[in-house]
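Listed below, chain by chain, are the residues.
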Amino acid sequence: MSLPFQPQEGPVDLYALRHSVSHVMADAVLRLFPGAKVAIGPPIEHGFYYDFELPRALTEEDLPRIEEEMRSVLDEAGEFRCIALERNEARKKIAASGQTYKLALLEDIPEGEKITFYDHGTWTDLCEGPHVPSAKVIPRDAFKLLSVAGAYWRGNSDNTMLQRIYGTAWWSKKDLKQYLDYLEEVEARDHRRLGRELDLFSLHSEFGAGLVFWHPKLGYVRRKLEEWWWQLHLERGYWPVYTPHVAGDQVYHTSGHLQNYADMIWSPMDVDGRPHRVKPMNCPGHIAIFNSRRHSFRDLPIRFAELGTVYRFEPSGTLHGMLRVRGFTQDDAHLFCRPDQLEDEIAGVIDLVDIILRTFGYRYTAYLATRPEKYLGADAVWEHAQQALRAAAERRGLELAVDEGGGVFYGPKIDFKIEDALGREWQGPTVQVDFNLPERFDLKYNDSGNELKRPVMVHRVVLGSFERFVGGLIEHFAAWWPVWLHATPVVVLPIAQEQVPAAKRLSQQLGAAGFHSPVEADGPLRKRIRDAEIQKVPYMAVLGGREVEQGVVNLRTHGVAEQRTLKPEELASYLAHKRDSKALDY
RNA sequence: GCUGCAGUAGCUCAGCCGGUAGAGCACCUCCUUGGUAAGGAGGAGGUCACGGGUUCAAGUCCCGUCUGCAGCUCCA
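Residue positions are given per chain, counting from 1 as you read along its sequence in written order. The naming scheme follows written order: chains are lettered A onward, ligands numbered 1 onward. In view of the model being predicted, local features appear only for residues whose pLDDT reaches at least 70, and side-chain atom pairs are presented and counted only at 80 or more, with totals across whole chains, interfaces and linings using the full set of residues. Calculated side-chain values reflect all of the structure's heavy atoms, with hydrogen atoms and water omitted.

### Quick notes on the overall build of chain A
A run of H or I in DSSP becomes a helix once it reaches four residues, and a run of E becomes a strand once it reaches two; helices and strands are each numbered from the N terminus. Secondary structure assignment for chain A yields 18 helices and 28 strands. With the C-alpha coordinates aligned to their principal axes, the bounding extent of chain A is approximately 80 × 80 × 50 Å. For each residue, the accessible area found with a 1.4 Å probe, counting protein chains only, is set against the maximum for its type, and the residue is called buried under 20%, exposed over 50%, and partly exposed in between. Counting across all 586 residues of chain A, residues that qualify as buried make up 51%. Contacts between residues were defined by any pair of non-hydrogen atoms, one from each residue, lying within 4.5 Å. Relative to all contacts within chain A whose residues are 6 or more apart in sequence, the contacts with residues 24 or more apart total 71%. Areas reported as accessible are Shrake-Rupley estimates using a 1.4 Å probe. Residue values count occlusion only from the protein chains shown. Entry remark: accessible area of chain A is about 27,800 Å², with carbon and sulfur atoms responsible for 51%. Note that His is not counted, nor are the chain ends; the positive residues are Lys and Arg, and the negative ones are Asp and Glu. To locate a charge, the coordinates of NZ of Lys, CZ of Arg, CG of Asp or CD of Glu are taken. In chain A, which carries 71 positive and 83 negative side-chain charges, the distance between the mean positions of the two groups comes to 3 Å.

Here it is in structure tokens:
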């Protein structure tokens, strides 16, 4: 995640500053809670945190008091001095302070490595640094404590839960302000908030946690995306398939999912005395279709595509609006090909990914995840597949960062990370070669020498899931949908009652051109304009006496200061141009 | 799943040390016909998440469940 602004430079880098501020915070917390124990307190991407064991649970209300105490610490603190100690001395020093977590951290430091403490005059902490030279360089008005939350000791859910205080720190008050503004913008774009305010989607506990209801406006977005998606896929030789939502357990035993991911799969239901499952993935269904007849090498590649709705039992605490749910629709496809076709197939996917992501104005980066420690399949097969992924990327001019050993046990893959309008990174498309399922389901084809061969199987999603992708789009666009996705890109506003007939004619004309354009005639114009703006309608066609007389429309455009006057047919073709070019602006 | 916090009208929220509910916006009706981000008046709307408990009395206190939120762990 990167911010859309460049922070000011300081005497040392921001990480050192934040690390130092986290020490100051720990110092302050220990003053307020003398018995407190401290764990770790590193700098992070936009700030820092420190984990504590405290006599009581902190609330947000405690933060201002701790901040105040931090300023007292800054008044008294001086240079950050680094003190190297021999292990036994270090142990004694920590034992004397009663900081048991620190003692454990000390034991983690490998033999032979330097053991250092940092002392800022009022407090000493076991720490490898680096820090600012002196507490005096820490700006008193450029840090802020943001939140408290639980965090496991050593990140392990079997361990005790500590209390984590998050804060942020910058070299200038201006940067802090910009960062806080940024956080505000993030909150204003939160898809859960916009989803409620703009009537986009809802969740209903009676139906179940993590199950999304798409309301009409968002249903429209999805429908348009689906139409476009199918068009792109049909043009590229993918065939639509549809597979059932329920399958006998045997399927997932064969696939291995039931053995390895049982807690991700929804509980079984009894059907004629046999356990069945709601599908957690689409691959077995596509494989069943592939396996329903013997294939010739001439048939390959075969590309099956499905907007397949799957259900996965995500832990309750991880559910999050549309972004993390228990039922979602993947834009799934499986490619069955010969080894010599793999490179072409991957290249095709890379093309498609580029077309789709660019359409939304997403920037992206790609990572090749190579063979992990534990893996299935022959080394030569892995080598071939990785080479095919590399070569395909090169052919398409796609730069690949390498995530060494990051592949799944069943094959290498390319993962795409996308960056949204706020500079945040999202998990994006993925293309995975799979050596596992073809074995498990015994896929084969007859090659030119009439020998039975194992096809290569590729899983790929571009959007990922409609839920997560569209949830992300809401935040990326701040729900200001481009015209091609907008359910109601324009409203018609007659100034007075006399213009209502003309407004209705205009609405019909726009409707005939494919644009839903309600006439809003009730109440003062200012009010109707405000309402449309709040509903994030980008275009308002205003009709007053003057316009009707001249047969024109006054067009108010979101984000554009000047109004325009144009003929109805000009408006229709203008909107059509924005729609058909999938323009990102209005 | 874990820790902490929360759940009062469609939304945002108020409701003190227990005494059986309130505002703004939205909605409905009427008036208003308004030239580019809030015209006026009236009205309707709540099993205070759900289930127990304490109490003469529970939105308020206690326990449990569900859901949400912030993280952690995990993930498309």
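### Description of the pairing of strand β24 (residues 456-465)
For β24, the buried fraction is high: 10 of the 10 residues fall into the buried class. As paired elements, strand β17 (residues 327-337) and β24 share seven bridges and run antiparallel to each other. The partner of phenylalanine 336 across the bridge, within β24, is methionine 457. Here strand β21 (residues 425-434) runs beside β24; their pairing, made up of five bridges, is antiparallel. Residue aspartate 434 lies in a different strand from β24, and its bridge partner there is methionine 457. Strands qualify as paired when DSSP identifies two bridges or more between them.

### A closer look at the side chain of arginine 87
Within the secondary structure, arginine 87 is located in helix α3 (residues 87-97). Engagement of the side chain of arginine 87 in a polar contact is seen with the backbone oxygen of leucine 106, the distance being 3.3 Å. Separated by 3.5 Å, the side chains of arginine 87 and glutamate 111 make a polar contact. Once residues lying within four places of it in the same chain are set aside, the contact partners of arginine 87 are Leu106, Glu107, Ile109, Pro110, Glu111 and Ile115. Whenever a nitrogen or oxygen atom comes within 3.5 Å of another N or O atom, the pair is scored as a polar contact, on the condition that within protein one atom can donate a hydrogen and the other can accept it, and that pairs from neighbouring residues in sequence are kept only if both atoms are in side chains.

### Re the domain arrangement of chain A
Here chain A is partitioned into domain 1 (14-187), domain 2 (201-243 + 282-477), domain 3 (244-281) and domain 4 (483-580). Domain segmentation is taken from an automatic or database assignment of domains. The C-alpha-based centres of domain 2 and domain 3 are spaced at 21 Å. A 1.4 Å probe defines the accessible area here, and the buried area is the portion of it lost by two parts on being joined, summed over both. Both sides together, the interface formed by domain 2 and domain 3 hides about 1,600 Å², and carbon and sulfur atoms give 61% of it. We count a salt bridge whenever a side-chain nitrogen from Lys or Arg sits within 4 Å of a carboxyl oxygen from Asp or Glu. Between domain 2 and domain 3 we count one salt bridge in total. Among the salt bridges present, the one from lysine 279 reaches glutamate 306, with a minimum N-O distance of 3.5 Å. Joining domain 2 to domain 3, the criterion identifies six residue pairs in polar contact (both at pLDDT 80 or more). At the level of elements, α10 (283-290), β16 (302-311) and α13 (437-440) are the ones that each hand at least two residues to the side of domain 2 that touches domain 3. Per-element accounting of the side of domain 2 that touches domain 3 gives the leading share, five residues, to β16. When grouped by side-chain class, the residues that make up the side of domain 2 that touches domain 3 number 10 nonpolar, five polar and five charged. The residue classification treats Ala, Val, Leu, Ile, Met, Phe, Trp, Tyr, Cys and Pro as nonpolar and Asp, Glu, Lys and Arg as charged. All others, Gly included, are polar.

### With respect to the environment of glutamine 550
Tracing the backbone shows glutamine 550 in helix α17 (residues 545-550). For glutamine 550, a relative accessible area of 56% corresponds to the exposed category. Distance from glutamine 550 to lysine 567, taken between C-alpha atoms, is 9.0 Å for residues 17 residues apart in sequence.

### Overview of the pairing of strand β20 (residues 413-419)
In this sheet, β20 lies alongside strand β18 (residues 363-369) in antiparallel orientation, the contact comprising seven bridges. Bridged to leucine 368 within β20 is isoleucine 414. Where β20 meets β21, six bridges bridge the pair, whose relative direction is antiparallel. Its bridge partner lying in β21, isoleucine 414 is registered against valine 431. Where β20 folds back on β21, the antiparallel hairpin that results is connected by five residues, among which glycine 423 adopts a positive phi of roughly 80°.

### A closer look at the sheet that holds strand β15 (residues 295-296)
Strand pairs in the sheet, formed through backbone hydrogen bonds, run parallel or antiparallel to each other. Taken in spatial order, the three strands make up an open sheet running β15-β22-β23, and their pairing is mixed. Taken across any chain shown, the strands that pair with only one partner, and hence form the sheet edges, are β15 and β23 (452-453). Here β15 pairs with strand β22 (residues 445-446) via two bridges, running parallel. Looking across to β22, one finds that histidine 295 is bridged to tyrosine 445.

### Brief notes about helix α16 (residues 525-534)
Here α16 has its buried residues at Arg528, Ile529 and Ala532. Considered in projection along α16, the buried side chains sweep an arc of 100° and stay on one side of the axis. Pointing more than 90 degrees away from the buried face of α16 are the exposed residues Arg526 and Arg530. The inward-facing, buried residues of α16 abut β25 (490-494), β26 (539-543) and β27 (553-557). A positive backbone phi angle near 60° is found at lysine 536, which sits one or two residues after α16. Starting at the helix axis, one direction is taken to each C-beta atom, and the arc is that of these directions.

### A word on the environment of lysine 567
Among the structural elements, lysine 567 can be located in the loop between β28 (564-566) and α18 (568-580). Separated by 13 residues in the primary sequence, lysine 567 and asparagine 554 have C-alpha atoms spaced 8.8 Å apart. In contact with lysine 567, other than residues within four places in its own chain, are Gly551 and Val552.

### Things to note about the packing of helix α7 (residues 216-235) against helix α11 (residues 342-359)
Fitted lines through C-alpha atoms give the axes, limited to the stretch in contact for helices. The angle between two N-to-C directions lies from 0 to 180 degrees. Contact geometry of α7 with α11 gives a least axis separation of 11 Å together with a crossing angle of 155°. Considered as vectors, α7 and α11 are oriented roughly antiparallel to each other. Here the hand of the crossing between α7 and α11 comes out right-handed. Two secondary-structure elements touch here, α7 through Trp228, Trp229, Leu232 and His233 and α11 through Leu352, Ile355, Ile356 and Thr359. For the contact of α7 with α11, a count of residues per class yields six nonpolar, two polar and no charged. What sets the label is the angle itself: under 35 degrees gives roughly parallel, over 145 gives roughly antiparallel, 65 to 115 gives roughly perpendicular, and the rest give oblique. Should the near helix be turned anticlockwise from the far one by less than a right angle, the crossing is termed left-handed; should it be turned clockwise, right-handed.

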